[in-house]
Amino acid sequence: MKNLLKLQDMSTEEITAVLDLADQLKYERKHNIPHPHLAGKSVGLIFQKSSTRTRVSFETGVYQLGGQPLFLSSRDLQIGRGEPVQDTARVLSRYLNMIMIRTYEQKEVEDLAKYGSIPVINGLTDYCHPCQVLADLMTIREKYGVLDGLKMTYIGDGDNMANSLIVGGLRMGMKVAVATPEAYRPDPEILKWASQNKDFTFTNDPKEAAADADAVFTDTWVSMGMEEQKEKRVRDFAGYTVDDELMGLAKPGAMVLHCLPAYRGYEITEKVFEDHADEIFEEAENRLHAQKAVMVKLMRDNA
Ligand code: CP
Ligand code: NVA
């Protein structure tokens, strides 16, 4: 694995290797076993959008691995004033050992990897959120012991989370059901790819998607950068709230997962959120372990 730009670039074996390593790192942290796999290494963390989980889990994750995290806000970098990503990539490659970037366009992440010479990790773009979905798969596997054959359902906006969940779920042998309003479908190329798989279903009916699910996912209806569309989106997503009625259609004891931040009363009810808070915050914690595993694997694979 050279970079983590999107989950399509990872094989089933590579995802399994990351999840296994994440479990090991989680165990070692719990038992205070040091794991300084990034000793002497510097990791740049570029943010063009807000973040709580990604920023803090990467900063502390690099520190726990014995490395040096550098938080780089695009407000302060020359990239925010128009310095081309091609130049930023070549310069940062001479100082750092790895880069994580959160930005709008997927192309910017791909260009950073193309022009730089160090591993690049996608910390969210408008297109996908691979780090989150690795943590999500880890969280499901922790509860059920397997992923293969389980049914994952996503209800809401066909956004970065939907795109990455479809790819990650199908790669790991899960059944994936997605329900979005017609005007908010996931990425067309991903839908086309997924539709060739007999384990994938797409519908505009949340109830159909929720039936017999082992894990139900949702995400905000108003992603970063779309704030001015909020009123319209709230109208368009009526009927897509994950509530008790929908959860009644899922398997008894099904998980509910949310990448956070969550907007109660919109994509999820307060009750469903709080009933599943333990799972949702375990999922948030697993960002730390999964991303540490990604960084260690990238360091090893590129040594
Ligand atoms: N889930 C997630 O990526 O959260 P942040 O936006 O807080 O990083
Ligand atoms: N879809 C959301 C995810 C936030 C972690 C966004 O892009 O804002």
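Residues numbered from 1 in each chain as written. Chains lettered and ligands numbered in written order. Predicted model: local features only at pLDDT ≥ 70, side-chain atom pairs only at ≥ 80, totals over all residues. Heavy atoms only, no water.

Peer 1: Please clarify how the site of ligand 1 should be interpreted in this entry.
Peer 2: Residues in close proximity to ligand 1 include Ser51, Thr52, Arg53, Thr54, Arg102, His129, Gln132, Cys259, Leu260 and Arg287, which together make up its full environment. Here an oxygen atom of ligand 1 sits 2.7 Å away from a polar atom, N or O, in the side chain of Thr54. Here a nitrogen atom of ligand 1 and a backbone polar atom of Leu260 are 2.9 Å apart. Of the residues that constitute the shell around ligand 1, the class distribution is two nonpolar, five polar and three charged. (Near = heavy atom within 4 Å. Polar contact = N/O pair within 3.5 Å; in protein donor to acceptor, adjacent residues only side chain to side chain. Nonpolar A, V, L, I, M, F, W, Y, C, P; charged D, E, K, R; others polar.)

Peer 1: Is there a simple way to explain unusual backbone geometry in this structure?
Peer 2: Glycine aside, residues mostly have negative phi angles, and peptide bonds mostly take the trans form. Looking along the chain, the bond that leaves Leu260 and enters Pro261 is cis, with omega of 5°. Notably, Asn32 is not glycine yet its phi reads approximately 55°, a positive angle. By the secondary structure assignment, Asn32 is in the loop between α1 (12-30) and β1 (42-47). One non-glycine residue with positive phi stands out, namely Leu260, at about 70°. Along the chain, Leu260 falls in the loop between β9 (255-258) and α11 (270-275). (Helix = DSSP H or I, 4+ residues; strand = E, 2+ residues; numbered from the N terminus.)

Fair warning: the whole summary comes from geometry, so function is off the table for now.
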